[in-house]
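Geometric and topological summary
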Amino acid sequence: MIAQVWQYVLGGVVDGAIFALVAAGFVLIYQVTGIINFAQGEFVMVGGMTAASLAAAGMPPLGAAAVAVVVAACVGALAYLLAIRPARGATGVTLIFITLGLDVALRGLALFVWGTNPYSLPPFSAGNAVKLFGGVLPPQAMWVLGTDLLVFAALYLFFQKTYVGTAVRAAVANPPIASTFGIPLRTFAFASFVVAAAIGGIGGVVITPIPGVQYDAGLTYGLAGFVAAVLGGLESLPGALLGGFVLGIVEHVAGGLLSPGWEQGVGFLILVLVLVLRPQGLLGRAARRA
Amino acid sequence: MSFAPQNAYGRVALIVLAVVAAAVWFLPAYYTGLLTLIGIYSLVTIGLNLFMGYAGQVSLGQAAFVGIGAYTSAVLAVYLHVTPWLGAAGGAAVAALVAYVLSFVALRLRENLLALATLALGIVINVVFNEWEFIGGSSGFKDIPGFKLGAFTFDPRAYAILSWALVAVGIWFAGNLVRSSFGRTLIAISAGELGAQALGVDAEKLKRQTFVLSAVYAGIAGAVYASYQSYIDPSSFGFLLSVNFVLMSVIGGLRSLWGAVIGAAIVVALGQILQAVVPVVLPSARGDFQQFFLGAVLIAILILLPRGLAGRVSEGGRA
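A few points on the structure.

**Details of the nonpolar core**
Note on soluble globular proteins: their nonpolar side chains tend to be buried together. One finds F38 of chain A together with I232 of chain B to be the most contacted residues of the largest nonpolar core, which totals 206 residues. In terms of residue count, helix α1 (residues 2-33) of chain A provides more of this core than any other element does, 15 residues in total. Apart from residues no more than four positions distant in its own chain, F38 of chain A is found in contact with I96, T99, L100, D103 and F226 of chain A together with L60, A115, L116 and L119 of chain B.

**A short note on unusual backbone geometry**
All names here are of chain B. In this structure, H81 takes a positive phi of about 55° despite not being glycine. Accessibility expressed as a relative area gives 69% for H81, which makes it exposed. In this model, E111 sits at a positive phi of 40°, which is unusual for a non-glycine residue. With respect to the helices and strands, E111 occurs in helix α5 (residues 111-131). By relative accessible area, which is 39% here, E111 ends up partly exposed.

**Side note on the pattern of salt bridges**
All names here are of chain B. Within this structure, the stated rule accounts for five salt bridges over all chains. When the shortest N-O distance is used, the salt bridge between E193 and K207 registers 3.1 Å. With E193 in helix α8 (residues 193-198) and K207 in helix α9 (residues 203-229), the pair connects residues that are 14 residues apart, well separated along the chain. Here the two residues E193 and K207 agree in accessibility, since each one is buried.

**Topic: the packing of aromatic side chains**
Residues and elements named next belong to chain B. All chains considered together, the criterion is met by 31 aromatic pairs over all chains. With 5.1 Å between their ring centres and 70° between their planes, F292 and F293 make a pair best called edge-to-face. Of the residues examined, F292 reaches a relative accessible area of 22% and is grouped as partly exposed. The class for F293 is partly exposed, based on a relative accessible area of 28%. Across the ring face of F104, the terminal group of R208 is positioned such that the distance to the ring centre comes to 3.8 Å.

**Regarding the environment of F97 of chain A**
Relative to the helices and strands, F97 of chain A resides in helix α4 (residues 92-114). Relative accessible area serves as the criterion here: at 1%, F97 of chain A is assigned to the buried category. Residues F97 of chain A and N37 of chain A lie 60 residues apart in sequence; the distance between their C-alpha atoms is 9.8 Å. In this structure, F97 of chain A is in contact with M52, V58, V246, V250, L254, L298 and L302 of chain B, ignoring residues within four places of it in sequence.

**What to know about the interface of chain B and chain A**
The partner chain A presents 42 residues to the 44 residues of chain B that form the contact. Looking only at chain B, the three residues that lose the most surface to chain A are N112, L116 and F292 of chain B, adding up to 16% of its buried area. Connecting chain B to chain A are zero salt bridges. Inspection of the chain B/chain A interface yields one residue pair in polar contact (both at pLDDT 80 or more). The set of elements that each furnish at least two residues to the side of chain B that touches chain A consists of α5, α10 (239-252) and α12 (290-304) of chain B. Among the elements that line the side of chain B that touches chain A, the one with the most residues is α5 of chain B, at 14 residues. A breakdown of the residues in the side of chain B that touches chain A according to their chemical character gives 33 nonpolar, six polar and five charged.

**Quick notes on helix α11 (residues 257-281) of chain B**
Across its 25 residues, α11 of chain B extends 36 Å between first and last C-alpha, which sits within 8% of the 36 Å expected from 1.5 Å per residue. The largest bend in α11 of chain B amounts to roughly 25° and is located at L274 of chain B. Considered for burial, the residues of α11 of chain B that qualify are L257, W258, G259, A260, V261, G263, A264, V267, V268, G271, L274 and V278 of chain B. Each element contacted by the buried residues of α11 of chain B is listed here: α4 of chain A together with α1 (8-23), α2 (29-54), α6 (156-179), α10 and α12 of chain B. Between the side-chain oxygen at the start of α11 of chain B and the backbone nitrogen of G259 of chain B there is a gap of 2.8 Å, and the oxygen is on S256 of chain B.

**Quick notes on the side chain of D103 of chain A**
With respect to the helices and strands, D103 of chain A occurs in helix α4. What D103 of chain A contacts, discounting residues up to four positions off in sequence, is F38, A39, E42 and L219 of chain A.

About the thresholds
- Sequence order as written defines the numbering, with residues in each chain counted from 1.
- Going through the entries in the order they are written, you letter the chains from A and number the ligands from 1.
- Only residues with pLDDT of at least 70 are given local features in this predicted model, and only at 80 or more are side-chain atom pairs given and counted; all residues enter the totals for whole chains, interfaces and linings.
- Only heavy atoms go into the side-chain values, all of them from the structure, while hydrogens and water stay out.
- Throughout this description, the term nonpolar core refers to a set of buried Ala, Val, Leu, Ile, Met, Phe, Trp, Tyr and Cys residues connected via side-chain atoms within 4.5 Å.
- Using a 1.4 Å probe on the protein chains alone, a residue whose accessible area is under 20% of its type maximum counts as buried, one over 50% counts as exposed, and one in between counts as partly exposed.
- Secondary structure follows DSSP: runs of H or I at least 4 residues long count as helices, runs of E at least 2 residues long count as strands, and numbering of each begins at the N terminus.
- Residue contacts are defined here by distance: any two heavy atoms, one from each residue, within 4.5 Å place the two residues in contact.
- Whenever a carboxyl oxygen of Asp or Glu lies within 4 Å of a side-chain nitrogen of Lys or Arg, that contact is scored as a salt bridge.
- Between the rings of Phe, Tyr and Trp (Trp by its six-membered ring), a pair exists once the centres lie within 6.5 Å; its type follows the angle of the planes, with under 30 degrees stacked, over 60 edge-to-face, and the other angles tilted.
- The rule is short: NZ of Lys or CZ of Arg within 6 Å of the ring centre and within 35 degrees of the ring normal puts a charge over the ring.
- A simple way to read buried area is as the amount of 1.4 Å-probe accessible surface that goes missing from two parts once joined, with both sides added.
- Polar contact is defined as a pair of N or O atoms within 3.5 Å, subject to the rule that within protein one atom must be able to donate a hydrogen and the other to accept it, and that residues adjacent in sequence are counted only when both atoms are side-chain atoms.
- Polar here means any residue outside two lists: the nonpolar Ala, Val, Leu, Ile, Met, Phe, Trp, Tyr, Cys and Pro, and the charged Asp, Glu, Lys and Arg; Gly therefore counts as polar.
- Given a helix with a known number of residues, its expected span is that number minus one, times 1.5 Å.
- To obtain the bend at a residue, axes are fitted to the seven residues ending there and to the seven starting there, and the angle between these axes is taken.

Here it is in structure tokens:
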């Protein structure tokens, strides 16, 4: 029984790592622009599909992965330039509808490019499953967790240790004043979409060897990413990381003990509870929102 | 001078109903089926427009109320042999009750968080459909009895007329509502909840009533859908259907009742046309690729025509 639950936890850690990456993308865009980007999960799909289809066409895996991340970043850039920027001045609800439209459009576009067939990628490294206190992790899990570590470390260093990162934090803290000091808010908004898309793309590349990928995979990642981001308080990158892992573990344990159908259900029940009882998230301080 | 004079909703709706009732005798069965579907979706979208367009809120979980209406009517008909006419009323009642309870959770939130909460509640309800064996679990409900009038069991034509008769009643009722002080107060809430409250409006209560009403529309639509299809399963009422209702609502025009009908007609018709035309040009296209165009249309409309296609000739609610 305990061993079984432990195995669920390990499975949840792998999923949680990807949820955390998607959540990081949400948080980046939300902090910089105030937009909840419902299309965030599609960047994961674009990354995974591009890498898998290029690898299937004979491209070396590393090259395919690099191209996939660039493609995802470009999709993010286009999404911003074609759908978000022209609507500037729109209210919150309109922006929700626009990113929802983006989500729908990107999923439809994927059907044109890749059709309905599932794709897969070989694991990045050969080797046996990793044993951990009686549980098992697939070798690819090490790549997933390592990527998480790198991405979050890079984000931390950027925001805390670089000049530009500090400027972004200033822009988030007080846009009008940052603007008077010459901080280019619009460029930052654009960059937040590109970086969030690239992070999603990276997530898609590293996770694809485990479950595979198809045109509608982005929906699941996107929905889970929301929950993780809200768990973390929507405005905190450490929160996104924690939220991702908590959600991954809770979903797997609940899915394993109750029934697989409840996996998603539990996640969304938690989302509702957090929204109502603790909108500042697990780590957040109370009352930033009026 | 507005486009539609007072109370014209009901008259126009009667004309539309008459056209539909006449058309079903000439149209091939396939098109009659599409008309029925457009009518059912229109009904849901009219309710959604009251909540999103007039009251200025957002719901990404409307399909769940359609599902509740459908399952309630199916359970009543199959287990208790209740006629679908009463089943539809029961479906509306249960959907309203669930919406009422959930409103205490969801309507405390605004904009982004309300969107997430309704999305989440919609998905949780869908998981319940999937996991509850009493209502068929993931394999759904089969052999749901059809509507009857005396000895006459409804055929596809009758369903087209029924669904559009409900649209007519729905438009007439909503038309009266949005022209009443209730409707004007909703618009005040959407313009600024705090300001409306300062003027003595009980925004919480009005939002709740509108949310419940939108669930009633969805519940009735779901009950008709269940009897019309005679088969339902959880996947018919998932998140993607909720998104489709948002597409219909926004494309047609959020703050317009006929916009709801136009939006439903466009989403269904454009989908069918694209499914027929695109594979000729691009033989590899398959699946629901029309979603790409619908998503693009939605974005284009929000940027170019924020009031939707019906916005130009919009009745009522011109702020």
